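# Structure assessment
So the chains spell out like this:
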Amino acid sequence: MDLKLLKVSKDFNVKKYLFELNDGNKIETVCIKRRTGITVCVSTQVGCAVRCAFCVSGKNGLIRNLTDYEIVQQVLLVKERINRIVFMGIGEPLHNYSSLIKAIHILRDRNGLNFPTDGITISTVAPIAQLKRLREEHLKVQLTVSLHATNQSVRDRLIPGMKNNRIDDTVQAVLSYGERHNRKITIAYLLLPGINDNLSDKIQLARWFKGKNVRINLLPLNKTIGSFQYASKNQLQIFKRELQSLGLEVTIRETQGKNIQAACGQLAVKQSIKNNKQKKHGLK
């Protein structure tokens, strides 16, 4: 794995690494400096089969899974004093289940990096079968679930790769994981005005999560693909207050690295497309 490009945000708090793998495919890894320390955002696949309507990383589908070694190597190559690892880069982590679990064991190994379990988070759209397997692992990693909807039709539109997973069953599997491992679950909710910000959405979120060990994390839309309306800061704050009034714990995600497109795998996908076109036409 070789570093091909490094971009740094204007405030120097975000670094975006473009790595070329041994087979010529490319992935990205993002390193974010916050008040609480340094987070590395790691990829688990080249491309993605989930094809979220608002994310460019899966625009061309899944190319292949990463090996456990390729996953771990991203952490090693950023060369920072990391205190949090998030599997939130390109790909759906639980669709590369075997390599993901092996990589986590390597990261946690006392003879290896000896990274604390509390500092590892899997961010997932929560495919039910794999989530149930994860529940039975003795890892107790943190879990962030990209839900983004409160009914099946909207979630199918936003996350077409999860059409075979009923949203109510998904929520129950997520809550079961949290209860089994005594972990607070973070529910990522991309706020899209006119699509998932209705009164019925607020009521359903409260029905599912009020009184549970759950945090709702509201996300603003990054400029990628699709023709969705952007939620303003004011709309995010209003939605947050309304959910809080229903008894929910709610935060708004701080967006960093926009000026270097450090979201949704934009740079890596562009490079992969170029690379694949060159291969197709016999170019080098």
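This section reports on the structure supplied with the text. These numbers were taken from a predicted model, which means no experiment stands behind them.

The next point concerns the overall build of the protein. Helix and strand content of the protein: eight helices and twelve strands. For the protein, the proportion of its 284 residues judged to be buried stands at 52%. Within the protein, contacts between residues at least 6 apart in sequence are counted, and of these 67% link residues at least 24 apart. Summed over all atoms, the accessible surface of the protein reaches about 13,800 Å², with 47% contributed by carbon and sulfur.

Let's shift gears to the side chain of T121. Among the secondary structure elements, T121 is positioned in strand β8 (residues 120-124). Taking relative accessible area as the criterion, T121 reaches 4% and is therefore assigned buried. Residues contacting T121, with those up to four places away along its chain left out, are R84, I85, V86, F87, Q142, L143 and T144.

As a further point, take the packing of helix α1 (residues 68-77) against helix α2 (residues 97-108). Each pair of packed helices can be summarised by the angle the axes make with each other and by the distance between the axes. Between α1 and α2, the least distance of the axes is 8 Å, while the angle of their chain directions is 45°. As summarised for this structure, α1 and α2 are arranged oblique, according to the angle between their axes. As α1 runs across α2, the sense of the crossing is right-handed. Residue-level contacts link D68, I71, V72 and V75 of α1 to S99, L100, K102, A103, I106 and L107 of α2.

Our focus in this paragraph is the nonpolar core. Side chains of nonpolar character tend, in soluble globular proteins, to be buried together. Counting residues in each nonpolar core, the largest one holds 60 residues, and the members touching the most others are I85, F87, I122, L134, I187, F209 and I216. Residues contacting I216, with those up to four places away along its chain left out, are I187, Y189, F209, L243, L248, E249, V250 and T251. Counting 18 residues, the second largest nonpolar core, distinct from the first, contains C52, V154, L158 and L219.

Here we come to a nonpolar patch on the surface. A cluster of nonpolar residues, L3, L6, V8 and F12, forms a patch on the protein surface that exposes about 380 Å² of accessible area. Judged by relative accessible area, which is 46%, L3 ranks as partly exposed.

Across a regular strand the side chains alternate sides, sitting on one face of the sheet and then on the other. By the criterion of burial, strand β2 (residues 14-20) is predominantly enclosed, with five of the seven residues buried. Hairpin connection from strand β1 (residues 2-8) to β2: five residues lie between these consecutive antiparallel strands, with F12 at a positive phi of about 65°. Note that β2 and strand β3 (residues 26-34) share seven bridges and pair antiparallel. Residue K16 lies in a different strand from β3, and its bridge partner there is V30.

With that settled, the discussion passes to the environment of D201. Tracing the sequence through the fold places D201 in helix α6 (residues 199-209). Taking the C-alpha atoms as reference points, D201 and L243, separated by 42 residues in sequence, lie 9.8 Å from one another. Contact partners of D201, with chain neighbours within four places excluded, come to T150, N151, Y189, I195 and N196. A polar side-chain atom of D201 sits 2.5 Å from a polar atom in the side chain of T150.

We now examine the pattern of salt bridges. Overall, the coordinates contain 13 salt bridges when judged by the stated rule. Between E136 and R180 there is a salt bridge whose closest N-O contact spans 3.8 Å. Pair noted here: E136 is in helix α3 (residues 128-136) and R180 is in helix α5 (residues 167-181), with a separation of 44 residues, a long-range link. On the basis of relative accessible area, R180 is assigned to the partly exposed category, the value being 34%.

If you trace the backbone, G211 turns up in the loop between α6 and β11 (214-219). Residue G211 is classed as exposed on the basis of its relative accessible area of 76%. Sequence separation of G211 and E249 is 38 residues, and the distance between their C-alpha atoms is 9.5 Å.

Here we come to α3. Those residues of α3 that sit buried are I128, L131 and L134. End-on, the buried residues of α3 take up no more than an arc of 115°, which puts them together on one face. Opposite the buried face of α3, at more than 90 degrees from it, the exposed residues are A129 and K132.

Among the five residues that make up β8, five are buried, leaving the element largely enclosed by the rest of the structure. Burial along β8 is two-sided: I120, I122 and T124 facing one way and T121 and S123 facing the other are all buried. Across three bridges, the pairing between strand β7 (residues 84-87) and β8 is parallel. Within β8, the position partnered with V86 by the bridge is T121. Where β8 and strand β9 (residues 142-146) come together, four bridges link them in parallel fashion. Among the inter-strand pairings, I122 is bridged to a residue of β9, identified as L143. Running through α3, the crossover from β8 to the neighbouring parallel element β9 is right-handed.

Cut-offs and rules
Residues numbered from 1 in each chain as written. Predicted model: local features only at pLDDT ≥ 70, side-chain atom pairs only at ≥ 80, totals over all residues. Heavy atoms only, no water. Helix = DSSP H or I, 4+ residues; strand = E, 2+ residues; numbered from the N terminus. Buried < 20%, exposed > 50% of the residue type's maximum accessible area, 1.4 Å probe, protein only. Contact = heavy atoms within 4.5 Å. Areas by Shrake-Rupley, 256 points an atom, 1.4 Å probe, with all protein chains shown as cover. Axes fitted to C-alpha atoms, helices over the stretch in contact; angles between N-to-C directions. Parallel < 35°, antiparallel > 145°, perpendicular 65-115°, else oblique. Left-handed = near helix turned anticlockwise from the far one by under 90°. Core = buried A, V, L, I, M, F, W, Y, C linked by side-chain atoms within 4.5 Å. Patch = residues over 30% accessible without salt bridge, like charges linked within 9 Å, V, L, I, M, F, W, Y side chains within 5 Å. Salt bridge = Lys/Arg side-chain N within 4 Å of Asp/Glu carboxyl O. Pairing = 2+ DSSP bridges. Polar contact = N/O pair within 3.5 Å; in protein donor to acceptor, adjacent residues only side chain to side chain. Arc of directions from axis to C-beta. Right-handed = clockwise from strand over helix to strand, strands pointing away.

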